[in-house]
Amino acid sequence: MKRRALVTGGTAGIGAAIAEALAHDGVEVIVVDVVPEKVEQYAKDTGRPAYVLDVSDFDKVESTLADIEAKHGHINILINNAGITRDGLVHKMCRRTQWNSVIEVNLSSVFNTVRVLGAGMRERGWGRIVNISSMNGQKGQFGQANYAAAKAGMIGLTKSIALEMASKGVTANCVAPGFILTEMTKAMRPDILEQEAAKIPVGRMGAPEDIAATVAFLSSKAAGFITGQVIAVNGGQYM
Ligand code: NAP
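Fair warning: this is a prediction, and the values are worked out from it, not measured in the lab.

K.L.:
So, the side chain of Thr-171: which residues are in play, and what are the values?
P.N.:
With respect to the helices and strands, the residue Thr-171 is situated in strand β6 (residues 170-177). Judged by relative accessible area, which is 4%, Thr-171 ranks as buried. Ignoring sequence-local partners within four residues, the contact set of Thr-171 consists of Gly-127, Arg-128, Ile-129, Leu-218, Ala-223, Gly-224, Ile-226 and Thr-227.

Set out below in structure tokens:
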């Protein structure tokens, strides 16, 4: 059986590393991301199909994923990796969008993609869904109530999907990264980043490849008895 994966937010950071790891394992990889120039450049650099898609857009997700499957064939691995932060203390979050955008991009996106691709995976009797949550969704984080709520919500959503699909050969799991060096963390204040890095028992920040290796395993045929789990990849920072 040909494995074919869709990686959201796949042109950069952790998503790009996941795409590489899956391709290395012989998976046909298709990437979607939100900025057209980045998508175009990614397709040029890697030769992989890449499409513009805002995963928080319910209707666009449905039509774009239908187009992608019509062109490339059925997708049987879905990696929900796209995510954003809009940090701030709750009592200072004056704009509704600061809450809503983070919930829409990080959490509703998973509903949007799974409802479209999950149906086919169930029918065909095989699939792998991996959702990139966060250590901060497990433990909470100062200034990240919106993000932590979205990432914690993703865990409940994943466990429910896992139950609904377990008898159909489809697994659904979360990977919960700790601090990984990407554009997202580079946007943090350097002193805070340094403080956080000092708390990591293995003595370094994570690399995108640390997450990608776990995702690649969960996407493999060998991982068929693992479902509804949250795999922490955080250097021991939160156990
Ligand atoms: P990143 O470098 O910012 O990459 C995220 C990618 O998702 C970017 O290409 C981004 O595009 C894209 N994206 C943003 N909004 C989107 C949308 N509406 N539709 C489609 N794509 C969208 O972040 P990362 O650090 O690799 O993070 C990847 C995932 O891991 C995220 O879900 C994040 O929450 C999670 N995570 C990261 C860390 C960490 O320490 N880095 C820790 C825990 C969890 P643009 O940036 O071009 O807008």
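There's plenty left to go through after this.
K.L.:
Can you break down the nonpolar core residue by residue, with the values?
P.N.:
The biggest cluster of nonpolar side chains holds 32 residues, and the ones touching the most others in it are Leu-6, Leu-65, Ile-68, Leu-78, Val-114, Leu-117 and Ile-129. Broken down by element, this core gets its largest block of residues, nine residues, from helix α4 (residues 96-124). Counting residues in hydrophobic clusters, the runner-up holds 27 residues, among them Ile-14, Val-31, Val-39 and Ala-212.

K.L.:
Residue-level account of the packing of α4 against helix α6 (residues 145-165), with values.
P.N.:
Running from N to C, α4 and α6 point in directions that differ by 15 degrees, and their axes come no closer than 8 Å. When the axis of α4 is compared with that of α6, the two are roughly parallel. Of the two possible hands of crossing, α4 and α6 adopt the one that is right-handed. Packed against α4, whose contacting residues are Gln-98, Trp-99, Val-102, Ile-103, Asn-106, Leu-107, Val-110, Phe-111, Val-114, Gly-118 and Arg-122, the element α6 presents Ala-145, Asn-146, Tyr-147, Ala-149, Ala-150, Lys-151, Gly-153, Met-154, Leu-157, Ile-161, Glu-164 and Met-165 at the interface. For the contact of α4 with α6, the residue count by class is 15 nonpolar, five polar and three charged.

K.L.:
Break down the UniProt feature "domain: Ketoreductase" (unreviewed entry) in the protein for me, citing the residues and quoting the values.
P.N.:
Following the UniProt record, the feature "domain: Ketoreductase" (unreviewed entry) maps to residues 3-178 here. For residues 3-178, helix accounts for 53% and strand for 18%, while the C-alpha atoms at its two ends are 28 Å apart.

K.L.:
Break down the site of the ligand for me, citing the residues and quoting the values.
P.N.:
Surveying the vicinity of the ligand reveals 30 residues, the closest of which are Asp-33, Lys-38, Asn-81, Tyr-147 and Thr-182. Between Asp-54 and the ligand, the recorded distance is 2.8 Å, taken from a side-chain N or O atom to a nitrogen atom. Tyr-147 is positioned such that a nitrogen or oxygen atom in its side chain is 2.5 Å from an oxygen atom of the ligand. Listed by contribution, the elements that provide at least two residues to the shell around the ligand are α1 (13-24), α6 and α7 (183-186).

K.L.:
Help me get a handle on the packing of helix α3 (residues 58-72) against α4, residues and values and all.
P.N.:
Any two packed helices are characterised by how steeply their axes cross, that is the angle between the axes, and by the distance between the axes. Contact pair α3 / α4: the axes reach a minimum separation of 8 Å and the direction vectors enclose 35 degrees. Helix-helix and strand crossings are classified by hand; for α3 and α4 the assignment is right-handed. Contact residues: Phe-58, Val-61, Glu-62, Leu-65 and Glu-69 in α3; Phe-111, Asn-112, Thr-113, Arg-115, Val-116, Leu-117 and Arg-124 in α4. Residues that form the contact of α3 with α4 fall into these classes: six nonpolar, two polar and four charged.

K.L.:
So what's going on with the pairing of strand β2 (residues 28-33)? Which residues, and what values?
P.N.:
With five of six residues buried, β2 is to be regarded as a mostly interior element. Relative to β2, strand β1 (residues 4-8) is paired through five bridges, and the arrangement is parallel. Of the residues in β2, the one forming a bridge with Leu-6 is Ile-30. Each parallel crossover has a hand, and the one from β1 via α1 to β2 is right-handed. When β2 meets strand β3 (residues 50-52), the two strands line up parallel, connected through three bridges. Paired with Val-31 across the bridge in β3 is Ala-50.

K.L.:
Hey, could you go over the pattern of salt bridges for me, with residue numbers and the actual values?
P.N.:
Inspection of the entire model under this criterion finds seven salt bridges. Measuring nitrogen to oxygen at the nearest pair gives 2.9 Å for the salt bridge that ties Glu-20 to Arg-48. Taken as a pair, Glu-20 in helix α1 and Arg-48 in the loop between α2 (36-46) and β3 lie far apart in primary sequence, 28 residues in all. Linking Asp-210 and Arg-204 is a salt bridge whose minimum nitrogen-to-oxygen distance equals 2.9 Å. A residue is classified by how much of its surface remains accessible, and Arg-204, at 44% relative accessible area, is partly exposed.

The rules behind each value
Residues numbered from 1 in each chain as written. Predicted model: local features only at pLDDT ≥ 70, side-chain atom pairs only at ≥ 80, totals over all residues. Heavy atoms only, no water. Helix = DSSP H or I, 4+ residues; strand = E, 2+ residues; numbered from the N terminus. Buried < 20%, exposed > 50% of the residue type's maximum accessible area, 1.4 Å probe, protein only. Contact = heavy atoms within 4.5 Å. Core = buried A, V, L, I, M, F, W, Y, C linked by side-chain atoms within 4.5 Å. Axes fitted to C-alpha atoms, helices over the stretch in contact; angles between N-to-C directions. Parallel < 35°, antiparallel > 145°, perpendicular 65-115°, else oblique. Left-handed = near helix turned anticlockwise from the far one by under 90°. Nonpolar A, V, L, I, M, F, W, Y, C, P; charged D, E, K, R; others polar. UniProt positions renumbered as here; feature names shortened; annotations may be inferred. Near = heavy atom within 4 Å. Polar contact = N/O pair within 3.5 Å; in protein donor to acceptor, adjacent residues only side chain to side chain. Pairing = 2+ DSSP bridges. Right-handed = clockwise from strand over helix to strand, strands pointing away. Salt bridge = Lys/Arg side-chain N within 4 Å of Asp/Glu carboxyl O.

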